[in-house]
Amino acid sequence: MNLIRSFLDNDSVFGKLMTRCGILIGANLMFILFCIPVVTIGTSCSALYYTMMKTLRGEDELNPFATFWKSFRENWKQTVPIWMALLILAVFLRLELFWCSQFTGLIAMFRYGIMAILVLELILAIYIFPVIAAFEANWKQQIINAIYFAFGNPLHLLQIVFFHVAPVILTYVFFQYLPLFAFIWTVVGFSSIAMFSSSLMLKQFTPFLPADETCSHKDFHGDEVFYDDAFL
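Residues numbered from 1 in each chain as written. Predicted model: local features only at pLDDT ≥ 70, side-chain atom pairs only at ≥ 80, totals over all residues. Heavy atoms only, no water.

## So, helix α3 (residues 41-56)
So, point 1. A rise of 1.5 Å per residue sets the reference length of α3, with its 16 residues, at 22 Å; its end C-alpha atoms lie 23 Å apart and thus fit the reference within 8%.
So, point 2. With respect to burial, α3 is a largely interior element, 14 of its 16 residues being buried.
So, point 3. After α3 finishes, the residue G58 shows a positive phi value of roughly 105 degrees. (Helix = DSSP H or I, 4+ residues; strand = E, 2+ residues; numbered from the N terminus. Expected span 1.5 Å × (residues − 1). Buried < 20%, exposed > 50% of the residue type's maximum accessible area, 1.4 Å probe, protein only.)

## Quick look at unusual backbone geometry
So, point 1. Phi at V38 is positive, roughly 70 degrees, even though this residue is not glycine.
So, point 2. When you line up the elements, V38 lands in the loop between α2 (13-35) and α3.
So, point 3. Judged by relative accessible area, which is 41%, V38 ranks as partly exposed.

## Structural notes on the side chain of T51
So, point 1. Examined against the element boundaries, T51 turns out to sit in helix α3.
So, point 2. What makes T51 buried here is its relative accessible area of 0%.
So, point 3. Setting aside residues up to four positions removed in sequence, T51 forms contacts with I23, A27, L62, P64, T67 and F68. (Contact = heavy atoms within 4.5 Å.)

## A look at the environment of T171
So, point 1. Looking at the element boundaries, T171 is found in helix α7 (residues 154-173).
So, point 2. By relative accessible area, T171 is classed as buried at 14%.
So, point 3. For T171 and F181, which are 10 residues apart along the polypeptide, the C-alpha to C-alpha distance reads 6.3 Å.
So, point 4. In contact with T171, other than residues within four places in its own chain, are L178, F181 and W185.
So, point 5. One polar contact links T171 to W185, side chain to side chain, over a distance of 3.0 Å. (Polar contact = N/O pair within 3.5 Å; in protein donor to acceptor, adjacent residues only side chain to side chain.)

## Let's talk about the packing of aromatic side chains
So, point 1. Enumeration according to the criterion identifies 14 aromatic pairs in this entry.
So, point 2. Measuring from ring centre to ring centre gives 5.8 Å for W69 and F72, while their planes differ by 15 degrees; the resulting arrangement is stacked. Taken together, the positions of W69 and F72, both in helix α4 (residues 64-101) and three residues apart, correspond to about one turn of that helix.
So, point 3. Classification of W69 by relative accessible area gives partly exposed; the value is 39%.
So, point 4. The buried category is assigned to F72, whose relative accessible area is 9%. (Phe/Tyr/Trp six-rings, centres within 6.5 Å; stacked < 30°, edge-to-face > 60°.)

And the structure:
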């Protein structure tokens, strides 16, 4: 009986694993729900990363729903304009790419430049919302910070981009398994990507974050631990 209790205890390996799975599932469901309006996808992404980073920094017993909502509520004013700008730019570049593909010669060569811009935008989109989740600054400085962290460690950048892109490609290539992929994406797909990416990003973020792992949201996201000119 004691063996069963110790096995099911929250501090046991099994208990910690189940707690982590519960956080992943809860945060993933919140992310999907709050992405429905489309304009809040960036805010949802930031809130998802905030929840994952708080978990990795030693708060396994946090409430994923409350933590997600807290970050969502505090960051939506900054993340919505940034997300909409990225979305509009992506649509514009995609249209330009289609237009260039209709021609041959010099005009057709422009598509390579457009593809390069799309790749850079993808990298920025991957990093900007985790940066907003971790630090507080104006939108211009957040973009600078995102670029700094993205290209500050090329190996991490390649791993993070691969982990974002590969699952999408697999879902598209093995379309016959769409029900299985849909189940995975719905349960833990997005939060697993965020958890993996957060584990790498935090290695770069940690020197600029407070040492106390039980810090409050203000400590984790406040001006007193990060300044606009930190990377200048």
